[in-house]
Amino acid sequence: MTSIKPRRTAWSLILLGATALGLSLSSAANAADPIKIGVIAEAQAIAGASIPQAAQMAAEEINAKGGVDGRKIEIVTYDNHSSSADSVRAFQRAVNEDKVNAVITSYISEVVLALEPWASRLKTLMITPGAASNEITKAVHDNYEKNKYTFHGYLTSAALAQSVCDAAKDLLVDGKKMKSAVIMSEDAAWTKPLDIGYQECLPKIGLKVLDHIRFSPDTTDFTPIFNKIEASKPDVIITGISHVGVQPTVQWKNQQVPIPMFGISSQATNSTFGKDTNNAADGVLYQGVSGPGVAVTPKSVPFAENFKKKFGNYPSYAGYTSYDEVYMIADAVKRAGSTDSDKLVAAMEKTDWEGTIGKVQFYGKEDKFTHGLKYGKGLITGLILQWQNGQQVSVWPKEVAKSELKFPSFIKFSSAK
Amino acid sequence: MLALQILIDGFAISALYALGATGFTLIFGVSGVLNLSHGAIMVAAAVAAWAAASVFQLDSYSGALVGVAIAALLSLLTYFTVVQPIQRSNKIPNEEKEIFVLTATLLWGIMIQEAIAYFFTNNAKTVLPIIEGVVRIAGIRTPANTLFTAAVCCLVIALLWVLVNRTRTGKVVLAASMNPRGVTILGFELTNVYIVVWIIYGVLAGIAGVLLGMFLGVSSYSVGPLTASAFSIVVLGGLGSVSGSLIAAFVVGYLETFTAYMISPAYRSIPALLLLVIVMYIRPQGLLGRR
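Residues numbered from 1 in each chain as written. Chains lettered and ligands numbered in written order. Predicted model: local features only at pLDDT ≥ 70, side-chain atom pairs only at ≥ 80, totals over all residues.

A.B. asks: Describe the overall build of chain A, naming the residues involved and giving the relevant values.
C.D. replies: If you tally the helices and strands in chain A, you get 15 helices and 14 strands. Against the 2.2 N^0.38 benchmark of 22 Å for 417 residues, chain A shows a C-alpha radius of gyration of 22 Å, consistent with a compact globule. With the principal axes as the frame, chain A shows a C-alpha extent of 80 × 40 × 40 Å. Expressed as a percentage of its 417 residues, the buried residues of chain A come to 55%. (Helix = DSSP H or I, 4+ residues; strand = E, 2+ residues; numbered from the N terminus. Rg over C-alpha atoms; globule rule 2.2 N^0.38 Å. Buried ≥ 20, exposed ≤ 12 C-beta atoms within 10 Å, placed from the backbone.)

A.B. asks: Describe the overall build of chain B, and please don't skip the residues or the numbers.
C.D. replies: What chain B contains, in helices and strands, is 11 helices and two strands. Listing each helix as α and each strand as β along chain B from the N terminus yields α-α-α-α-β-β-α-α-α-α-α-α-α. Expected size for 291 residues packed as a compact globule is a radius of gyration near 19 Å; at 19 Å, chain B falls within 12% of this value. Principal-axis analysis of the C-alpha atoms gives chain B an extent of 60 × 50 × 35 Å. When contacts within chain B are restricted to residue pairs at least 6 apart in sequence, long-range pairs at least 24 apart make up 75% of them. (Contact = placed C-beta atoms within 7 Å.)

A.B. asks: Give me the lowdown on the domain arrangement of chain A, citing residues and values where you can.
C.D. replies: All names here are of chain A. For chain A, the assigned domains read domain 1 (31-155 + 297-360) and domain 2 (158-288 + 382-416). Computed from C-alpha coordinates alone, the two centres of domain 1 and domain 2 are separated by 29 Å. Of all the secondary structure elements, the ones that give two or more residues to the side of domain 1 that touches domain 2 are α3 (46-64), α5 (109-121) and α6 (134-142). Considering every element that reaches the side of domain 1 that touches domain 2, the biggest residue donor is α5, with three residues. (Domains from an automatic or database assignment.)

A.B. asks: Can you tell me about the interface of chain B and chain A, naming the residues and giving the values?
C.D. replies: The parts lose accessible area when they come together, and the size of an interface is often stated as this lost area. The interface of chain B with chain A comprises 24 residues on the first partner and 25 residues on the second. Of all elements in the fold, only α1 (2-31), α4 (97-120), β2 (140-143) and α10 (242-262) of chain B reach the threshold of two or more residues within the side of chain B that touches chain A. The dominant element in the side of chain B that touches chain A, judged by the number of residues it contributes, is α1(B), at three residues. Among the residues making up the side of chain B that touches chain A, the classes are represented as 13 nonpolar, eight polar and three charged. (Nonpolar A, V, L, I, M, F, W, Y, C, P; charged D, E, K, R; others polar.)

A.B. asks: How would you sum up the pairing of strand β9 (residues 261-265) of chain A? Please name residues and give values.
C.D. replies: Residue and element names in this part refer to chain A. For β9, the buried fraction is high: five of the five residues fall into the buried class. Sheet topology note: the strand β8 (residues 236-241)/β9 ladder contains five bridges and is parallel. By the bridge assignment, Gly-240 is partnered in β9 with Ile-264. Sheet topology places β9 next to strand β10 (residues 285-288); two bridges connect them, and they run parallel. In the strand pairing of β10, Gly-263 is matched with Tyr-286. (Pairing = 2+ DSSP bridges.)

A.B. asks: Help me get a handle on the sheet that holds strand β4 (residues 125-128) of chain A, residues and values and all.
C.D. replies: Residue and element names in this part refer to chain A. With parallel pairing, the five strands of this open sheet are ordered in space as β2-β1-β3-β4-β5. If you trace the sheet from one side to the other, it starts and ends with β2 (73-79) and β5 (150-152), each paired once. Strand-to-strand twist across the sheet, computed as the mean angle between neighbouring axes with direction ignored, equals 20°. Contacts between helix α15 (residues 341-349) and the sheet are confined to β3 (102-105), β4 and β5, with β4 contributing the most and set at about 40° to the helix. (Axes fitted to C-alpha atoms, helices over the stretch in contact; angles between N-to-C directions.)

A.B. asks: How would you explain α3(A) if you had to name every residue and give the values?
C.D. replies: The terminal C-alpha atoms of α3(A) lie 28 Å apart, and with 19 residues this matches the ideal 27 Å at 1.5 Å per residue to within 8%. A:Gly66 sits one or two positions beyond α3(A) and adopts a positive phi of about 100°. (Expected span 1.5 Å × (residues − 1).)

A.B. asks: Any details on helix α10 (residues 223-231) of chain A? Residues and values, ideally.
C.D. replies: Within α10(A), burial applies to A:Thr223, A:Pro224, A:Ile225, A:Phe226, A:Asn227 and A:Ile229. Buried residues belonging to α10(A) abut β6 (180-186), β7 (208-215), β8 and α11 (246-254) of chain A together with α1 and α10 of chain B. One or two residues past the end of α10(A) sits A:Lys233, with phi positive at roughly 50°.

A.B. asks: Any details on the nonpolar core? Residues and values, ideally.
C.D. replies: Of all hydrophobic cores here, the largest spans 222 residues; its most connected members are A:Ile37, A:Ala55, B:Leu16, B:Ala44, B:Ala45, B:Ala46 and B:Ala49. Per element, the largest residue contribution to this core is 15 residues, and it comes from helix α8 (residues 190-215) of chain B. Here this core gathers at least three residues from each of two domains, domain 1 (31-155 + 297-360) and domain 2 (158-288 + 382-416) of chain A. Excluding residues within four positions of it along the chain, B:Ala46 makes contact with B:Gly67, B:Lys125, B:Val127, B:Gly209, B:Val210, B:Leu212, B:Gly213 and B:Val218. (Core = buried A, V, L, I, M, F, W, Y, C linked by C-beta atoms within 7 Å.)

A.B. asks: Pulling in residues and values, what's your account of the environment of B:Leu212?
C.D. replies: Residues and elements named next belong to chain B. Mapped onto the elements, Leu-212 comes out in helix α8. For Leu-212, a count of 26 C-beta atoms within 10 Å translates into the label buried. For the pair formed by Leu-212 and Tyr-17, sequence separation is 195 residues and the distance between their alpha carbons is 9.4 Å. Beyond its immediate sequence surroundings of up to four residues, Leu-212 is in contact with Leu-16, Met-42, Ala-46 and Val-218.

A.B. asks: Requested: an account of the packing of helix α9 (residues 223-237) of chain B against α10(B), with residues and values cited.
C.D. replies: Residues and elements named next belong to chain B. At a minimum axis separation of 7 Å, α9 and α10 run at an interaxial angle of 120°. Accordingly, the angle class assigned to the pair α9 and α10 is oblique. Between α9 and α10 lies a crossing whose hand is right-handed. Counted together, Ile-233, Val-234, Leu-236 and Gly-237 of α9 and Gly-244, Ser-245, Ile-247, Ala-248, Ala-249 and Val-252 of α10 form the full contact between these two elements. Here the contact of α9 with α10 is built from residues that sort into seven nonpolar, three polar and no charged. (Parallel < 35°, antiparallel > 145°, perpendicular 65-115°, else oblique. Left-handed = near helix turned anticlockwise from the far one by under 90°.)

A.B. asks: Pulling in residues and values, what's your account of the confidence of the model for chain B?
C.D. replies: Caution applies to low-pLDDT parts of the model: their predicted coordinates are not meant to be read in detail. Of all residues in chain B, 99% attain a pLDDT of 70 or more, and the chain-wide mean is 90. Two numbers describe this predicted complex: its pTM, 0.84, and its ipTM, 0.84. (pLDDT = per-residue confidence, 0-100.)

A.B. asks: If you had to explain the sheet that holds β8(A) to someone new, which residues and values would you point to?
C.D. replies: Residues and elements named next belong to chain A. The strand order across the open sheet built from seven strands is β7-β6-β8-β9-β10-β13-β14, with neighbouring strands paired in mixed fashion. Two strands bound the open sheet, and with one partner strand each, they are β7 and β14 (391-396). Between one strand axis and the next, the sheet turns by 25° as a mean value, whatever way the strands run.

A.B. asks: Account for unusual backbone geometry, naming residues and giving values.
C.D. replies: Residues and elements named next belong to chain A. That bond from Trp-396 to Pro-397 is cis: its omega, -5°, falls within 30 degrees of zero. Topologically, Pro-397 is positioned in the segment after β14. Located in the positive-phi region is Ser-82, a residue other than glycine, with phi close to 60°. Relative to the helices and strands, Ser-82 resides in the loop between β2 and α4 (84-97). Residue classification places Ser-82 among the buried residues on the basis of 22 C-beta atoms within 10 Å. One non-glycine residue, Lys-123, adopts positive backbone phi at about 45°. Following the sequence through the fold, Lys-123 ends up in the loop between α5 and β4. Judged by C-beta crowding, with 14 C-beta atoms within 10 Å, Lys-123 ranks as partly exposed.

This is the structure:
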């Protein structure tokens with residue numbers, strides 16, 4: 001122990017010296033240093049596992065082309081075991097010990113909300129590729145100077161609800177003459193604003209909300225829930241599920257619940273979902289920002305295919321965003337000419353990047369969802385995909401749709417009678 | 001209509017609980033071991049059955065058999081690597097062995113759980129149902145596989161009863177649960193009796209796990225709740241009493257189903273846990289407990 005302390009002091013002196021040198025001769029001193037990006041994610045969850053993999057892929061591509069002004073990108077990964085406490089420890093370690101310049105983290109809103117104050121305290125740029133809660137951007141909006149280090153690299157729950165409603169208008173109300181819906185969502189931070197969004201926008205597009213069911217993410221038996229939904233005779237079930245997915249889908253099929261499911265179903269975005277459910281997923285409609293074979297931008301398909309070649313499966317939704325975020329951070333470092341956090345934040349705010357899920361720009365200081373992704377035509381609108389014969393097929397919007405809606409035989413359309 | 005729905009749904013889940021808890025209580029009755037890796041063994045069986053069918057393309061029957069076989073193997077492994085060394089140790093005082101076994105099986109369960117999450121992710125898996133389709137019982141749409149599940153559970157429990165009460169092996173097991181020393185004096189190797197019991201346990205837990213995987217689906221997160229539910233059913237029924245566990249399984253199964261339908265699925269497990277607390281106050285030995 002005694003020998004460590006003086007060494008630490010020596011190191012901090014060297015670091016201090018290096019910082020001082022760096023201040024005066026920044027470009028010369030920085031040229032060799034890598035740009036370090038910490039990736040804190042859920043290695044055991046399918047959605048989370050793609051996050052470090054995709055980040056690594058982006059870094060290798062950038063490095064193969066010479067890096068950013070000669071500086072290589074280095075990805076440092078941490079498994080957070082889906083736990084907020086583990087994530088906080090990883091974040092502290094990433095910043096204090098491993099000296100990362102920015103952090104990409106998690107698809108779970110609770111985790112990102114736990115890390116947000118740490119991004120502020122340690123003044124480190126943080127961006128999430130997959131969490132959705134509105135609270136993330138609300139904190140940035142309400143206390144900009146403190147929380148400006150956090151960026152929301154995925155759609156907010158409010159935008160997700162809007163995306164589902166926009167698609168439901170075309171596909172269900174205009175396409176299938178549907179008139180009523182029941183909202184079914186899991187009880188979690190991200191679904192609170194989602195459900196508020198649904199309740200606002202569904203009646204506007206012409207779907208009457210007959211019931212609103214929130215259930216615990218620990219639920220294993222969904223029979224009572226489907227029973228209650230069926231009793232109110234809706235045309236469609238609008239979903240808000242992420243922690244659960246396989247179980248309700250399989251039980252929906254086994255019990256032959258005659259009502260289609262449409263909405264957010266994060267697990268359905270994974271290409272393994274068909275296998276996990278033994279193809280009970282056929283007919284499930286889900287919102288996504290990307291999908292295999294869907295050319296949202298010219299970058300989408302090559303990324304997904306290269307990813308599959310490298311890792312054996314298609315990336316989860318958070319894989320696409322994580323890949324884009326490494327490029328966006330690299331781009332911001334280049335424009336800022338520095339890895340200084342405040343300069344990096346300023347550069348990130350001016351991001352105008354065509355990624356794999358659309359054109360990425362962030363809402364500004366005065367907007368409601370500060371540092372959230374801008375939603376809308378020409379930017380990011382999202383897609384609706386459907387599981388058909390064990391494959392994910394895009395069905396909305398028209399420009400990228402590859403097929404009509406197809407449902408298993410047990411689905412009955414009540415309005416069509 | 002709703003009453004019938006609760007009756008059907010509750011029966012299937014209760015029968016599954018009963019099957020899971022029977023093996024658990026059998027082990028305790030015979031060898032005094034509370035095996036807290038129970039949930040992990042059930043989940044391992046279901047995940048193995050899933051993997052056999054979706055990764056190795058076996059049909060649903062063979063997949064289910066693989067699941068049960070894995071559970072039986074895992075059960076033996078639990079006995080030989082975790083339980084037996086503690087029971088035989090000279091360094092651990094006899095009166096502390098139960099606590100050691102309890103802790104060791106709990107940790108063993110966590111190890112299995114983490115291994116499953118590492119190799120198969122923590123996403124839920126479902127086992128291919130053996131019978132597809134639905135049947136209508138007085139207008140209630142019921143998956144045929146649910147009826148199959150209930151039937152298999154009842155059949156296996158009946159077989160277990162025959163095995164314990166009508167065969168020589170069963171009688172030795174029964175005798176061992178009453179007086180282990182007496183069985184040894186009669187010339188039976190107690191270790192062999194334990195091996196038989198652990199195999200029976202593994203098969204029961206395996207069948208329960210595979211059926212649960214078909215009926216509701218399982219993930220590595222299910223390990224804790226499954227152990228907890230088996231534990232509370234066994235305590236409610238009376239530790240070591242097989243018939244007590246059967247009754248308790250149906251009480252808990254129906255109480256949960258009733259709550260889920262009549263109050264809210266979110267409060268499903270609360271009344272059963274309250275009941276457990278009440279029983280602990282007025283009848284600490286459980287419904288049919290001996291001790």
